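What follows is each chain in one-letter form.
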Amino acid sequence: MKFNSNGLFISFEGPEASGKSTQIKLLAYFLKKNKIPFLITREPGGTKIAEKLRRIILDKKANITATEEILLLMSARMNHINNIIKPALKEGKIVISDRFADSTFVYQGHVNKYGMKKTIDLHRILLNNFLPIKTFLFILPVNQIIKRLKKRNVTNKYDKIDTSFHKNVINGYMKLSKNKRRFIFIDALNSTNEINDKIVKSINNLILK
Ligand SMILES: Nc1ncnc2c1ncn2[C@@H]1O[C@H](COP(=O)(O)OP(=O)(O)O)[C@@H](O)[C@H]1O
Ligand SMILES: [Mg+2]
């Protein structure tokens, strides 16, 4: 299999419980089986410092403003890019991140009303507009999100059972992804195997390019 020696940076995005982590696990299984070098990481987090910041950012009791949260997220992200993502890409790996900058554009920019454009502008200025080559965007109707969340424990402040919150998240992702070729839409109602097939096909196309 021909492999792009510059590495590939790919992110998984979408609302809570849309199946991102499930699909990353299945993709990892495929990459391992085919001996394709890869690295799986997540945001907020990915490094020791960024994981510490994650705890603060996702703390249900933390009393911080949207702006303060954005600054923490962006410093965590810079640390993650410099210490984990860029080195792995340099080694030619496929780097897969469970959430990345788009989550900040949607959750802090759109949902928490800091402003999506302002958040994207900050990313451009502070993080040199570092973005994945492709982003799998999982779309799931809000009633299904609530149904799936009820089955698992609420673990952080964005995991809450709140219909209007999740609708707002979905609207944010729709606005962000409109007319952008970077996004590959995933119908999260499909079976895990069907979704895995679609993702593997997309990855194969990217590798063979
Ligand atoms: N395609 C699917 N169909 C039905 N349920 C799914 C599917 N993918 C994942 N799930 C279930 O939905 C829940 C959330 O999945 P998860 O991968 O943790 O989502 P996320 O990482 O996006 O929050 C889990 O209980 C998982 O088993
Ligand atoms: Mg997850």
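Above this text you will find the structure in question.
Residues numbered from 1 in each chain as written. Chains lettered and ligands numbered in written order. Predicted model: local features only at pLDDT ≥ 70, side-chain atom pairs only at ≥ 80, totals over all residues.

**Observations concerning the environment of glycine 7**
Positionally, glycine 7 belongs in the segment before strand 1 (8–13). Separated by 196 residues in the primary sequence, glycine 7 and isoleucine 203 place their C-alpha atoms 12 Å from one another. The contact partners of glycine 7, leaving out residues within four places of it in the chain, are Ala88, Leu89, Lys90, Glu91, Gly92, Lys93, Ile94 and Val95. (Helix = DSSP H or I, 4+ residues; strand = E, 2+ residues; numbered from the N terminus. Contact = placed C-beta atoms within 7 Å.)

**Concerning the site of ligand 1**
Neighbouring residues of ligand 1: 13 residues in total, closest Ala17, Gly19, Lys20, Ser21 and Thr22. Looking at which element gives the most residues to the shell around ligand 1, the answer is helix 1 (residues 20–33), with three residues. Looking at side-chain class alone, the shell around ligand 1 contains two nonpolar, six polar and five charged residues. (Near = placed C-beta within 6 Å. Nonpolar A, V, L, I, M, F, W, Y, C, P; charged D, E, K, R; others polar.)

**Quick look at the sheet that holds strand 1**
Strands sit in the order 2-3-1-4-5 across an open sheet of five strands; the sheet is parallel. For this open sheet the edge positions go to strand 2 (38–42) and strand 5 (183–187), each flanked by a neighbour on one side alone. On average, each strand axis in the sheet is tilted by 20° relative to the strand beside it, whichever way the strands run. Where strand 1 meets strand 3 (residues 94–98), five bridges bridge the pair, whose relative direction is parallel. Following the sheet pairing, phenylalanine 9 is matched in strand 3 by valine 95. (Pairing = 2+ DSSP bridges. Axes fitted to C-alpha atoms, helices over the stretch in contact; angles between N-to-C directions.)

**Structural notes on the pairing of strand 1**
Every other side chain in a regular strand lies on the same face of the sheet, so the side chains alternate between the two faces. Strand 1 sits mainly inside the fold: six of its six residues count as buried. Bridging between strand 1 and strand 4 (residues 134–139) involves four bridges; their strand directions are parallel. Of the residues in strand 4, the one forming a bridge with phenylalanine 12 is phenylalanine 136. (Buried ≥ 20, exposed ≤ 12 C-beta atoms within 10 Å, placed from the backbone.)

**Concerning unusual backbone geometry**
Cis geometry is adopted by the peptide bond preceding proline 44, which originates at glutamate 43 and carries an omega value of -10°. Mapped onto the secondary structure, proline 44 falls in the loop between strand 2 and helix 2 (48–57). Its identity as a non-glycine residue notwithstanding, arginine 99 has a phi of 75°, on the positive side. Looking at the element boundaries, arginine 99 is found in the loop between strand 3 and helix 4 (101–111). In this structure, asparagine 179 takes a positive phi of about 60° despite not being glycine.

By themselves, these observations are geometric and do not establish any function.
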